[in-house]
Amino acid sequence: MKNVMIVEDQRMIRSILEEYIDKADDLLLAASVEGAEQACEICGTKKIHLILMDVQTAHRENGLVAVKEIKKLYPDIRIVVVTSLVDAGILEKARSSGADSLWYKDTDEVMLMQVISRTMAGEHVFPDAPPVVEIGTAKSTEFTRTEMRVLRCLVKGMTYPQIAEKLNVGVTTVKYHVTNMLEKTNLKNKLQLAVAVSDAKFVVDLAGDDEFIFEKTK
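Our subject in this report is the structure included herewith.

### Thoughts on the packing of aromatic side chains
Inference 1: Tallied over the entire structure, the rule returns one aromatic pair.
Inference 2: The positively charged end of K184 is found above the aromatic ring belonging to F143, 5.5 Å away from the centroid.
Inference 3: Directly above the ring of Y160 sits K190, whose terminal nitrogen or CZ lies 4.2 Å from the centroid.

Structure below.
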């Protein structure tokens, strides 16, 4: 019997995950919490074999930061990142944080239990790419890596000069990329663009994760 901890701030989703674990013959629900920091503390007091870790948890705590901490202290604990965020950066960060696998919440129970089983058997289960979403009239796959970097800055509320400084490019270059994205999406301005990508969870602003968001720019 393997002890499982669920880390999920949304009560309804947490309850669903609890039901999944309760139905499994070889899994035992040892803890179910809403915050990543609390999860780190529990690992020091209970024997945990598997964690289902959400990316954005209560109090804006970053689940991926917690994954890195837990893996450093308890490398034998298996961690499956569970998320509804389709930001491709989440997939990359989950890998680099030390997570064993990743599961998107829009897939079904059978898929999750398969991911858990394979993860407990020592496999690393990651999708090749995040789900495709629509941003205005464009699909998420139509955006370049550079445009994604600009989008992450827009979601943070950064101005053109701030984005230019952050990405080490000219303001004109930033405006050029924004113009291209507005043409792709048929949205009217950068504010609409930022709102659209946020609503679709295409790019996200994670607390304590600024260094990761731009680590691929070099």
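Moving on from the coordinates now.
### Topic: the state of the cysteines
A covalent bond between the sulfur atoms of two cysteines is referred to as a disulfide.
Inference 1: Under the criterion given, the structure shown has zero disulfides.
Inference 2: With no disulfide of its own, C43 has C40 as its nearest cysteine by sulfur position, at a separation of 6.5 Å.
Inference 3: Overall, C43 belongs to the buried group, its relative accessible area being 6%.

### A short note on the sheet that holds strand β4 (residues 78-83)
Note: strands within a sheet are paired through backbone hydrogen bonds, in either parallel or antiparallel orientation.
Inference 1: The parallel open sheet is built from five strands, whose spatial order is β2-β1-β3-β4-β5. Either end of the sheet is taken by a strand with one partner, and the two such strands are β2 (27-33) and β5 (101-104). Averaged over all adjacent pairs, the angle separating strand axes in this sheet is 20°, with direction ignored.
Inference 2: Bridging between β4 and β5 involves four bridges; their strand directions are parallel. Directly across from T83, in β5, lies its bridge partner Y104.
Inference 3: Taken strand by strand, helix α1 (residues 11-23) contacts β1 (2-7), β2, β3 (50-54) and β5, and its axis lies near 165° from that of β2.
Inference 4: The strands touched by helix α2 (residues 36-43) within the sheet are β1, β2 and β3, with β1 carrying the most contacts at an inclination of about 160°.

Cut-offs and rules
- Residues numbered from 1 in each chain as written.
- Predicted model: local features only at pLDDT ≥ 70, side-chain atom pairs only at ≥ 80, totals over all residues.
- Heavy atoms only, no water.
- Phe/Tyr/Trp six-rings, centres within 6.5 Å; stacked < 30°, edge-to-face > 60°.
- Lys NZ or Arg CZ within 6 Å of the ring centre and 35° of its normal.
- Disulfide = S-S within 2.5 Å.
- Buried < 20%, exposed > 50% of the residue type's maximum accessible area, 1.4 Å probe, protein only.
- Pairing = 2+ DSSP bridges.
- Helix = DSSP H or I, 4+ residues; strand = E, 2+ residues; numbered from the N terminus.
- Axes fitted to C-alpha atoms, helices over the stretch in contact; angles between N-to-C directions.
- Contact = heavy atoms within 4.5 Å.

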